[in-house]
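# Breakdown of the fold
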Amino acid sequence: SQTIHQWPATLVQPVGSPLSLECTVEGTSNPNLYWYRQAAGRGLQLLFYSVGIGQISSEVPQNLSASRPQDRQFILSSKKLLLSDSGFYLCAWSSWGEKLFFGSGTQLSVL
Amino acid sequence: GNSVTQMEGPVTLSEEAFLTINCTYTATGYPSLFWYVQYPGEGLQLLLKATKADDKGSNKGFEATYRKETTSFHLEKGSVQVSDSAVYFCALSNEASGSARQLTFGSGTQLTVLP
């Protein structure tokens, strides 16, 4: 069966520090991968999606970047965090179609 | 563009109470509609879906009917349990795309069920 791992579960970082969140998927090949963010009181916002290794599409301009160095690995990064980067980040995968499978999320607090 | 509006939470109910979480949407064409649920410490998971007008999605005692005339997809359950405590997200996807990339989520509604 397929599983998705996302870590860490919580993270507190100072403003200006770098960020690296990692997500891996097991039990499937060539998944579509996604990074979502939920800011307080707002809906889930799609940040990045990837249909293959090295193929990244950004949905909104921001202080973050994403990379897909391996088929089932998706990394969310920032060189210098801003206060506005605080939020709940979710990694997800899908096959072709609408159903998403989510990781358990990372609560990021930038202080 | 597409948008989803959910009733604001948090919602607190006693066990065996009736639950309604309102969801309305704005979309072009004929979207598919979804309810996702996030239990504490877990990722979101699909609860139910409906792909065309008047369809009723159901799962685990939850139901939602796709109402095109009122652009709504309200989530209901006749008798909630403590284990239903979670965050519920309404979402839509344009039918034509068939891609999860097109999913638009609401802001989520926190439900707490007390024993």
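Everything that follows concerns the structure shown earlier in this document.
Calculation notes
- Residues numbered from 1 in each chain as written.
- Chains lettered and ligands numbered in written order.
- Predicted model: local features only at pLDDT ≥ 70, side-chain atom pairs only at ≥ 80, totals over all residues.
- Heavy atoms only, no water.
- Pairing = 2+ DSSP bridges.
- Helix = DSSP H or I, 4+ residues; strand = E, 2+ residues; numbered from the N terminus.
- Axes fitted to C-alpha atoms, helices over the stretch in contact; angles between N-to-C directions.
- Contact = heavy atoms within 4.5 Å.
- Polar contact = N/O pair within 3.5 Å; in protein donor to acceptor, adjacent residues only side chain to side chain.
- Nonpolar A, V, L, I, M, F, W, Y, C, P; charged D, E, K, R; others polar.
- Buried < 20%, exposed > 50% of the residue type's maximum accessible area, 1.4 Å probe, protein only.

### Topic: the sheet that holds strand E9 (residues 75-77) of chain B
Residue and element names in this part refer to chain B. In space, the four strands of this open sheet follow the order E3-E9-E8-E7, with antiparallel pairing throughout. Two strands close off the open sheet at either side, each with one partner strand: strand E3 (19-21) and strand E7 (56-59). Taken over all neighbouring pairs, the strand axes of this sheet differ in orientation by 20° on average, direction set aside. Here strand E8 (residues 62-65) runs beside E9; their pairing, made up of three bridges, is antiparallel. Following the sheet pairing, Phe 62 is matched in E9 by Lys 77.

### Observations concerning the interface of chain B and chain A
With 21 residues of chain B at the contact, the number on the chain A side is 20 residues. At the boundary of chain B with chain A, the tally comes to two residue pairs in polar contact (both at pLDDT 80 or more). Among the elements of the structure, strand E5 (32-38), strand E6 (45-50) and strand E10 (86-93) of chain B are those that each provide at least two residues to the side of chain B that touches chain A. A per-element tally of the side of chain B that touches chain A places E5 of chain B first, with four residues. Among the residues forming the side of chain B that touches chain A, the class breakdown is eight nonpolar, 10 polar and three charged.

### As for the sheet that holds strand E3 (residues 19-26) of chain A
Residue and element names in this part refer to chain A. Read across the sheet, four strands follow the order E1-E3-E8-E7 without closing on themselves; strand pairing throughout is antiparallel. Strands at the two margins of the open sheet, each flanked by one partner only, are strand E1 (3-7) and strand E7 (65-70). Neighbour-to-neighbour, the strand axes of the sheet open up by a mean angle of 20°, direction not taken into account. In the sheet, E7 pairs with strand E8 (residues 73-78) via four bridges, with the strands oriented antiparallel.

### Focus: the side chain of Gln 38 of chain A
Secondary-structure assignment places Gln 38 of chain A in strand E4 (residues 32-38). A relative accessible area of 16% places Gln 38 of chain A in the buried class. From its side chain, Gln 38 of chain A meets the backbone oxygen of Ser 107 of chain B in a polar contact 3.0 Å long.

### Here's the deal with the pairing of strand E9 (residues 87-94) of chain A
All names here are of chain A. Most of E9 is tucked away: eight of the eight residues are buried. Alignment of E4 against E9, held across seven bridges, turns out to be antiparallel. Its bridge partner lying in E9, Asn 32 is registered against Ser 94. Alignment of E9 against strand E11 (residues 106-110), held across three bridges, turns out to be antiparallel. The residue of E11 that forms the bridge with Tyr 89 is Thr 106. Here E9 pairs with strand E10 (residues 101-102) via two bridges, running antiparallel. Looking across to E10, one finds that Trp 93 is bridged to Phe 101.

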